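# Breakdown of the fold
Here are the chains, one letter per residue:
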Amino acid sequence: MTATVASSGWHKGRVKSVPSGDTLVIMAAQKSDLTPPPEKTITLSYIIAPKLARRGGIDEPFAWDSREYLRKLCMGKEVCIRADYIVSSIGREFCSVFLQDKNVTSMIIAEGWAKVREQGQQKGEASSFLADYLRFEEQAKQQGLGRWSKVPGASEASIRKLPPSAIGNPSNFDAMGLLAANKGRPIQSIVEQVRDGSTVRVYLLPEFQFVQVFVAGIQAPSMGRRPAADSVFEPEASSDEPNGEVSAKSHVPLTSAQRVAASSASSTEIAPDAFGKEAKHFTETRVLNRDVRIVLEGVDKYNNLIGSVYYPDGDSAKDLALELVQNGLAKFVEWSANMMEEDAKRRLKSAELQAKKERLRIWTNYVPPATNSKAIHDQKFTGKVVEVVSGDCIIVADDAAPYGSPLAERRVNLSSIRCPRMGNPRRDEKPAPYAREAKEFLRSRLIGRQVNVSMEYSRKFSMADGVVATAGAADSRMMDFGSVFLLSPSNVEGDGVSSAGSQQAGVNVAELLVSRGFGTVVKHRDFEERSNHYDALLAAESRAIAGKKGIHSAKDPPVMHITDLVTSSAKKAKDFLPFLQRSRRLPATVEYVLSGHRFKLLISKETCSIAFSFSGVRCPGRDELYSDEAIALMRRKILQRDVEIEVETVDRTGTFLGSLWESKTNMAAVLLEAGLAKLQTSFGADRIADAHLLAKAEQSAKQQKLKIWENYVEGQEIANGSGTENSRQKEVLKVVVTEVLDGGRFYIQQIGEQKIASIQQQLASLNLQETPLIGAFNPRKGDIVLAQFSADNSWNRAMIVNSRRGAVQSLKDEFEVFYIDYGNQEVVPYDRLRPLDPSVSSVPGLAQLCSLAYIKVPSLEGDFGLEAAEFLSEHTLNSSRELRIMIEEKDTSGGKVKGQGTGTVLIVTLVDVEAGTSINAAMLKEGFARLERKKRWDSRERQSALDNLEEFQEEAKSKRLNMWQYGDIESDDEESTKPVKAGGRR
């Protein structure tokens, strides 16, 4: 059992407990693991200590002092023991015990806490120590030490005045009264017995109440059950044996409720749960017979006390519950944890989660539940806040993306918090209480400010009311969550929010919101991804609840009535015009950017929201070139900013016209100077504020040929689709041809398109090495996926245009895909497909289908069709020349072309910049195409273009090139009459 020191019969062990003044429980030297070692109960040889009280009795004089002396002397320390003799009739082993080089028995006798036994009761030869024992006893008597005290009344004073609970009568024990008197106050205690890892029986000092305490917030594995006859325990008490030893099997009575349960229980013994013995041993080695502090937390329905147990560890104190949970020897229990403080409860929950992740002991076979969240690792960026969508959602413009690019904006939902919903105006849903206040709180602190963003997880949500979606739900979308840190916290001083530390400078925005009572912390399930600063969020929520702030307040939220003139009639808007013109300039807040020059403004002073547009300034319309850039610029500059406006008039649609300033800067001038708008002065420049500045800004953009003025010619005042059909300036784009379908149709990408670079960057950051499991990913026709292009093994966005019926059976199952950003098409196996990652942009395909204008080219199946396609490929795909297209018209019929998607087809003139000629003309010149026929209703512009191209066709005819080798050919079935439109007005 114990480690042998030498052949002389001495053994080493460690003191596990001290039942009385002359009895020790010794266990073998502790191993590295938690397996309980062998143990034995021994009695010190040749001495008798005073007896502690038994059921219904009282202590012998100095019994408690004797036990306490031995407990404090030896508890938890390593000792050497040697068996002196054994009394078989009582099954008792009497030993000599040494603590380091000191005889423990001698020390007890010398302090007067025990008397030497009379010679003759022990068997065998007398000990060599006996003479010393008698001498020490005589000295103690002479000095009046311990039980030999000569002080009058000392003997009576040493007898404890024990309450009924300490002598086996707990029936009248008032647990609620004890709790009320000591709630939250540490009580000095001594643990007398450990029933299991999370249940102890203790003396509460100084009254010596003997109570059973369940450790709050946890439950350790059960120690099973003995037969019913042994199920009622007695408290520690002295026996009638010579040395007054207490049997290791002495017990304490159960409560009345437990007695009822015990009486009806089966006599069959139940084995301990897995790790039950280890949990009990863990608790015993830390608290048994030791001084502890117990904080009573509550009482259960059976009158049992629930409390936290703290034991000393060097200069600090440790929480027994937390230590058990961290070592995988107990589980978190919600009902008793609710009695504890939030911080302690949170620590227990976090410790259990960590133990589950590491699968410690009781969690060895733990299988985490399925979750719809996915961690995002190492994705951090810095940017400026562009928009506050709601109290827990913002849009940040990434500094790494080009300024003003729509793709720079990233939606970030704040991790692990939930703010009141703003409601959906389309469904007549009003904002929830404090929703406006939460949004305004963020807007006033974040808009235009630099922040650090650390993305943490993504989660799938249902499109209906934001409910968490189940796996495979069709009407769901992924939402990305992260922590946002304000880099310049000067404006948030006094908010009671701690800095995020050295790793992430700044103030945690989510913590700021929660501490003001504008949000609550999401109660995550086990293994559900959460904020890396979850504990700080819970602490902030506790402060807000204690301070009754925001949504935790009993007060009604402030009410704000706003007249929405955007959705009202034009007449009502005109009625409001005089109120908006009373003051020359009005403060307002930009709520939405509807287009580059049109906005929705909130005017708090007049309690109304209006549609507002710049006077005399117009940006490209929706779906026109540079429209998105104009919107992105205004979002970066003024969205949700405080501005000043000057209203001049209101148009027939109810939109107010005027000028707008942000920080004393006329924002119309910013648009004009960037080449994203055009000044229109047809109704009089004298009515426009700062008209001379606007004209100067537009002139600067013209001179630099920016954006819409890229093809501007001095003296030509018509740009970007304005003016009449005959004099309009056509749109010209720099392009690269990505795929040739036949001699007349091809796909292009616009050079400098920022979306292309952004998508390529997103794809490059993905780890797509792992092949999806068969059954987990089943592509269907029309799905957008990621496919690996066979030519260069690059991953690209693709649409499934043809697939096998039913579920995927093999990694070699083939799918026909169309690469939506390049226009090419191929068949790929299943193992070269992946689901579209949420981090990849979902913008429509960037490959634009074009057709050569004014000419007809044979199909691939027709004569010279293949040669025509090869000619076009040679001059586009296989050439490094600079190409541009001039858009002559757009075919918006959107017909489907062999599964290659739908949409607008651009009818273009394809120009080889170096050669100075068009590919259209070259096709005619080589005899690979022929001109379209002129029609009576053709515009002058079209007739002029056909006339200019006719000379190239005539040259091919005269040389009898390719399709003209047999002379002139007859026209196919072309219409010679103008088609009649189906109904409707012209």
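Reference entry: report on the structure contained in this document. If you're wondering where the values come from, they're calculated on a predicted model, not measured in any experiment.

## Here we look at the overall build of the chain
A count of helices and strands for the chain gives 21 helices and 47 strands. A total of 986 residues make up the chain; the buried ones form 47% of that total. At a minimum sequence separation of 6, the contacts of the chain that also span at least 24 residues come to 65%. Of the roughly 49200 Å² of accessible surface on the chain, 48% is carried by carbon and sulfur atoms.

## Comments concerning the packing of aromatic side chains
This model, assessed by the stated rule, comprises 21 aromatic pairs. Each ring, one from W64 and one from Y203, has its centre 5.6 Å from the other, and the planes form 90°; the classification is edge-to-face. Here W64 is found in helix α1 (residues 63–74), whereas its partner Y203 is found in strand β11 (residues 199–204), with 139 residues between them in sequence. Relative accessible area serves as the criterion here: at 9%, W64 is assigned to the buried category.

## Re helix α7 (residues 276–287)
Its 12 residues place the ends of α7 17 Å apart at the C-alpha level, agreeing with the 16 Å of an ideal helix rising 1.5 Å per residue. Along α7, the residues classified as buried are G276, A279, H281, F282, T283, E284 and V287. Immediately beyond the C-terminal end of α7, within one or two residues, lies N289, with a positive phi of roughly 60°.

## Quick notes on unusual backbone geometry
Glycine aside, residues mostly have negative phi, and peptide bonds are mostly found in the trans state. In this structure, the amide linkage connecting L205 to the following residue, P206, adopts the cis form with an omega of 5°. Unlike most non-glycine residues, D378 shows phi in positive territory, near 55°. Position of D378 relative to the elements: it lies in strand β18 (residues 373–390). Residue class for D378 comes out exposed when judged on its relative accessible area of 80%. Its identity is not glycine, yet F864 carries a phi of approximately 65°, on the positive side. By the secondary structure assignment, F864 is in the loop between β43 (855–856) and α19 (865–875).

## Focus on the pairing of strand β38 (residues 795–802)
Burial analysis of β38 places seven of its eight residues in the buried class, the great majority of the element. With five bridges joining them, strand β37 (residues 784–788) and β38 adopt antiparallel strand pairing. By the bridge assignment for β38, A787 is matched with N796. The loop that links β37 with its antiparallel partner β38 comprises six residues; one of these, N793, has a positive phi angle of about 60°.

## Considerations on the nonpolar core
Counting 50 residues, the largest nonpolar core has I610, F612, F614, I645 and F656 as the members making the most contacts within it. If one sorts the elements of this core by residue count, helix α16 (residues 667–673) sits on top with six residues. Each residue touching F656, except ones within four places of it in the same chain, is listed here: L565, A573, F576, L577, L580, I610, A611, F612, S613, V647, T649 and V650. Ranked by size, the runner-up nonpolar core spans 43 residues in total, among them L296, I306, L320 and A351.

## Considerations on the side chain of S198
Within the element layout of this structure, S198 appears in the loop between β10 (186–196) and β11. Contact partners of S198, with chain neighbours within four places excluded, come to V213, F214, V215, I218, Q219 and A220.

## Description of a negative patch on the surface
Residues D863, E867, E870 and E874 make up a contiguous surface patch of negative charge. Relative to the elements of secondary structure, E867 occurs in helix α19. Look at E867 and you get partly exposed, because its relative accessible area is 35%.

## Quick word on the pattern of salt bridges
The tally for this structure, following the rule as stated, stands at 47 salt bridges. Two residues, E93 and K40, come together in a salt bridge whose shortest N-O distance is 2.9 Å. Residue E93 is found in strand β7 (residues 92–99), and its partner K40 is found in strand β4 (residues 39–44); the two are separated by 53 residues along the sequence. On the accessibility criterion, K40 (26% relative accessible area) is partly exposed. Residue E955 pairs with K959 through a salt bridge whose shortest N-O separation is 3.2 Å. Overall, E955 belongs to the partly exposed group, its relative accessible area being 27%. One salt-bridge network, in which partners are shared between bridges, spans R67, E68, R71, E192 and D291.

## Observations concerning the sheet that holds strand β40 (residues 825–829)
Across the sheet, five strands lie side by side as β40-β39-β38-β37-β41; this open sheet has antiparallel pairing. One side of each edge strand has no neighbouring strand; the edge strands of this open sheet are β40 and β41 (833–835). In this sheet, neighbouring strand axes are inclined to one another by 50° on average, regardless of whether the strands run parallel or antiparallel.

## Looking at the pairing of strand β39 (residues 814–819)
In the sheet, β38 pairs with β39 via four bridges, with the strands oriented antiparallel. Looking across to β39, one finds that I800 is bridged to V817. Pairing between β39 and β40: five bridges, direction antiparallel. Opposite V817, over in β40, you have E826 as the bridge partner. The turn linking β39 back onto β40 is made up of five residues, and G823 within it adopts a positive phi angle of 95°.

## Brief notes about the environment of E606
Among the secondary structure elements, E606 is positioned in the loop between β28 (598–603) and β29 (608–614). Distance from E606 to L586, taken between C-alpha atoms, is 9.3 Å for residues 20 residues apart in sequence. Those residues in contact with E606 that lie beyond four places of it in its chain are F576, F579, L580 and R582. A polar contact of 3.0 Å, which involves the side chain of E606, links it to the side chain of R582.

What counts and what doesn't
- Residues numbered from 1 in each chain as written.
- Predicted model: local features only at pLDDT ≥ 70, side-chain atom pairs only at ≥ 80, totals over all residues.
- Heavy atoms only, no water.
- Helix = DSSP H or I, 4+ residues; strand = E, 2+ residues; numbered from the N terminus.
- Buried < 20%, exposed > 50% of the residue type's maximum accessible area, 1.4 Å probe, protein only.
- Contact = heavy atoms within 4.5 Å.
- Areas by Shrake-Rupley, 256 points an atom, 1.4 Å probe, with all protein chains shown as cover.
- Phe/Tyr/Trp six-rings, centres within 6.5 Å; stacked < 30°, edge-to-face > 60°.
- Expected span 1.5 Å × (residues − 1).
- Pairing = 2+ DSSP bridges.
- Core = buried A, V, L, I, M, F, W, Y, C linked by side-chain atoms within 4.5 Å.
- Patch = residues over 30% accessible without salt bridge, like charges linked within 9 Å, V, L, I, M, F, W, Y side chains within 5 Å.
- Salt bridge = Lys/Arg side-chain N within 4 Å of Asp/Glu carboxyl O.
- Lys, Arg positive; Asp, Glu negative; His and termini not counted.
- Charge placed at Lys NZ, Arg CZ, Asp CG, Glu CD.
- Axes fitted to C-alpha atoms, helices over the stretch in contact; angles between N-to-C directions.
- Polar contact = N/O pair within 3.5 Å; in protein donor to acceptor, adjacent residues only side chain to side chain.

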